[in-house]
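Examination of the molecular architecture
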Amino acid sequence: MKVGVLGSGDVGQALARGFAARGHEVKIGSRDPGSDRLKAWLKETRGAITTGTFEEAARFGELIVFSVHGSAVPEVLGDLGPGPFGEKVVIDTTNPLDFSTGSATLLFGLTDSLGERIQRTLPKAKVVKAFNTVSSVQMVDPQFPDGAPEMLICGNDPGAKKTVEGILRDFGWPAALDVGGIEEARWIEPLVPLWVRIGAKLGTWRHALKIVRP
Ligand SMILES: NC(=O)c1ccc[n+]([C@@H]2O[C@H](COP(=O)([O-])OP(=O)(O)OC[C@H]3O[C@@H](n4cnc5c(N)ncnc54)[C@H](OP(=O)(O)O)[C@@H]3O)[C@@H](O)[C@H]2O)c1
């Protein structure tokens, strides 16, 4: 599969590496695809991943990973428009986090979410929220002493959610926990400021929230 990863931060790099390691062709998109930072990183990936603009990565991918800074989502989507995304599956890892007050809060939320905004901007694409509640260092081959939890996901298209669950299993997650339509992102995204607070208390950024059942 050809995968376009929009965003070259920790998440974009971790997921790009995960897809490439499993034999997929990956293009990672950035505002500055020729930067020294990305050139140095590409050397480590030994040619399995190429770089491009956000638009090139979006057009390249049969499946898209959307992993840009939460505050940059409107700008990136506004520049690209829905064209390059078509009816593709878009995995949305983003969070509308705001650290301006010194602690993690949301730029907006509870009555809307980045997942919903992305889906509204890309009406034909099949947006699935996933990976946003775990650290980039645990996204691929997660390591937890008692086993990885189910990954919280949501989205409107059942087929797209099945595709994403397959990717999650391939990446080492036991299963997806499907919370519902994309509007459920307004409840999944606010878990992340809680996750940040718990991480600060525990002194780790490798932790995850787990749903247990009787
Ligand atoms: N880090 C984590 O552990 C983690 C875990 C779960 C979810 N998330 C979420 O996943 C997303 C990516 O997180 P991240 O930690 O990898 O990196 P990030 O620092 O949040 O974002 C990095 C990416 O956003 C792009 N970007 C930043 N400002 C921009 C602007 N003004 N206009 C256009 N693009 C801009 C950068 O572009 P350039 O390539 O051009 O620099 C880069 O590709 C975020 O929404 C975050 O909340 C992060």
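Residues numbered from 1 in each chain as written. Predicted model: local features only at pLDDT ≥ 70, side-chain atom pairs only at ≥ 80, totals over all residues. Heavy atoms only, no water.

Re the overall build of the protein chain
Quick note on the threshold: Here a helix means four or more residues in a row that DSSP labels H or I, a strand means two or more in a row labelled E, and each is numbered from the N terminus. Contacts: residue pairs with any heavy atoms within 4.5 Å of one another. Computed with the Shrake-Rupley method and a 1.4 Å probe, the accessible areas treat only the protein chains shown as cover for residues. Charge assignment in this entry is limited to Lys and Arg as positive and Asp and Glu as negative, and neither His nor the chain termini are counted. The atoms used to mark charge sites are NZ of Lys, CZ of Arg, CG of Asp and CD of Glu.
Broken down by element type, the protein chain carries 8 helices and 10 strands. Overall, the protein chain is about 45 × 40 × 35 Å in size when its C-alpha atoms are taken along their principal axes. At a minimum sequence separation of 6, the contacts of the protein chain that also span at least 24 residues come to 71%. With an accessible surface of roughly 10200 Å², the protein chain has 53% of that area assigned to carbon and sulfur atoms. Across the protein chain, the centroid of the 25 positively charged side chains sits 2 Å from that of the 25 negatively charged ones.

Observations regarding the nonpolar core
As a rule of thumb, soluble globular proteins bury nonpolar side chains together. Definition in use: We define a nonpolar core as any set of buried Ala, Val, Leu, Ile, Met, Phe, Trp, Tyr and Cys residues linked to one another through side-chain atoms lying within 4.5 Å. Only protein chains enter the accessibility calculation, which uses a 1.4 Å probe; a residue whose area is less than 20% of its type maximum is buried, one above 50% is exposed, and one in between is partly exposed.
Counting 33 residues, the largest nonpolar core has Phe-131 and Trp-173 as the members making the most contacts within it. Residue assignment for this core shows that the elements contributing at least two residues are strand E1 (2-6), helix H1 (10-21), strand E2 (25-29), helix H2 (36-44), strand E4 (63-66), strand E5 (89-92), strand E9 (151-155) and helix H6 (158-170). Discounting chain neighbours no more than four positions away, the residues touching Phe-131 are Leu-15, Ile-91, Thr-93, Met-139, Met-151, Leu-168, Phe-171 and Trp-173. One finds Phe-66, Leu-77, Ala-125 and Leu-177 within the second-largest nonpolar core, a separate group that totals 25 residues.

Describing the side chain of Thr-94
Put simply, the rule is: In protein, a polar contact means a hydrogen-donor-capable atom and an acceptor-capable atom, both N or O and within 3.5 Å, with residues adjacent in sequence counting only if both atoms are side-chain atoms; elsewhere, any N or O pair within 3.5 Å suffices.
One can find Thr-94 in the loop between E5 and strand E6 (97-98). For Thr-94, a relative accessible area of 1% corresponds to the buried category. At a separation of 2.6 Å, a polar atom in the side chain of Thr-94 contacts the side chain of Asp-92. Non-local contacts of Thr-94, meaning those with residues more than four positions away in its chain, are made with Phe-66, Ser-67, Val-68, Val-73, Leu-114, Ile-118, Lys-129, Asn-132 and Glu-189.

Digging into the pairing of E1
This is how the line gets drawn: DSSP bridges decide pairing: two strands pair if at least two such bridges lie between them. Looking down the strands as they point away from the viewer, one classifies a crossover as right-handed if the path from the first strand across the helix to the second runs clockwise.
In terms of residue burial, E1 counts as a mostly covered element, since 4 of its 5 residues are buried. The pairing of E1 with E2 spans 5 bridges and is parallel. Note that in E2 the partner of Lys-2 across the bridge is Glu-25. Following the backbone out of E1, through H1 and into the adjacent parallel E2, one traces a crossover that is right-handed. As defined by bridge partners, E1 adjoins E4 across 4 bridges and the pair is classed as parallel. Its bridge partner being in E4, Gly-4 is matched across the sheet by Ile-64.

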